[in-house]
Amino acid sequence: AQAAPSARKQVDWVRLGGCLALTAVYFMAMEPLGRLLPNTGVGFLLSSIPYGVALSWLFVHDIDRHKWMLIAASSVLTPLLVWAVFAYVFKITLP
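1. Re a nonpolar patch on the surface
Then step 1. Where nonpolar side chains cluster on the molecular surface, the patch consists of Leu-81, Val-85, Tyr-88, Val-89, Phe-90 and Ile-92 and spans about 620 Å² of accessible area.
Then step 2. By the secondary structure assignment, Leu-81 is in helix α3 (residues 65-89).
Then step 3. According to the relative accessible area criterion, Leu-81 is exposed, its value standing at 57%.

2. Remarks on the environment of Gly-18
Then step 1. Structurally, Gly-18 is set in helix α1 (residues 13-34).
Then step 2. Gly-18 sits in the buried class, given a relative accessible area of 19%.

3. Remarks on the pattern of salt bridges
Then step 1. A full pass over the atoms with the stated rule returns two salt bridges.
Then step 2. The partner of Arg-15 in a salt bridge is Asp-12, with the nearest N and O atoms 2.9 Å apart.
Then step 3. On the basis of relative accessible area, Arg-15 is assigned to the partly exposed category, the value being 22%.
Then step 4. The salt bridge involving Glu-31 is made with Arg-35; its shortest N-O contact spans 3.0 Å.
Then step 5. Owing to a relative accessible area of 45%, Glu-31 belongs among the partly exposed residues under this scheme.
Then step 6. Overall, Arg-35 belongs to the exposed group, its relative accessible area being 54%.

4. A word on unusual backbone geometry
Then step 1. Although it is not a glycine, Asn-39 adopts a positive phi angle of roughly 60°.
Then step 2. Topologically, Asn-39 is positioned in the loop between α1 and α2 (42-59).
Then step 3. Take Asn-39: its relative accessible area is 59%, and that puts it in the exposed class.
Then step 4. Despite not being glycine, Asp-62 has its phi angle at roughly 50°, a positive value.
Then step 5. With respect to the helices and strands, Asp-62 occurs in the loop between α2 and α3.
Then step 6. Using a relative accessible area of 69% as the deciding quantity, one classes Asp-62 as exposed.

Each value, and the rule that gives it
- Residues numbered from 1 in each chain as written.
- Predicted model: local features only at pLDDT ≥ 70, side-chain atom pairs only at ≥ 80, totals over all residues.
- Heavy atoms only, no water.
- Patch = residues over 30% accessible without salt bridge, like charges linked within 9 Å, V, L, I, M, F, W, Y side chains within 5 Å.
- Areas by Shrake-Rupley, 256 points an atom, 1.4 Å probe, with all protein chains shown as cover.
- Salt bridge = Lys/Arg side-chain N within 4 Å of Asp/Glu carboxyl O.
- Helix = DSSP H or I, 4+ residues; strand = E, 2+ residues; numbered from the N terminus.
- Buried < 20%, exposed > 50% of the residue type's maximum accessible area, 1.4 Å probe, protein only.

Structure representation (structure tokens):
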């Protein structure tokens, strides 16, 4: 049996560049936002929520109202859950 020829995939440079740029902005924004209320995780929350929305907008295709609702819910609930686990389970504050 012959191995299937390797399929070369095209790189989506817009999404790759957008992801890298958004990630850089996310990390740069976290610390200044964290100074608003130090050692509370506000910087993490205030930067993670728009980061989740922006990444979803970048990668999700054919966004309709239902998808926007899921994106909004997951972009808010996921950082809140991560923050709560770090704060209350591990007793670690985020920036």
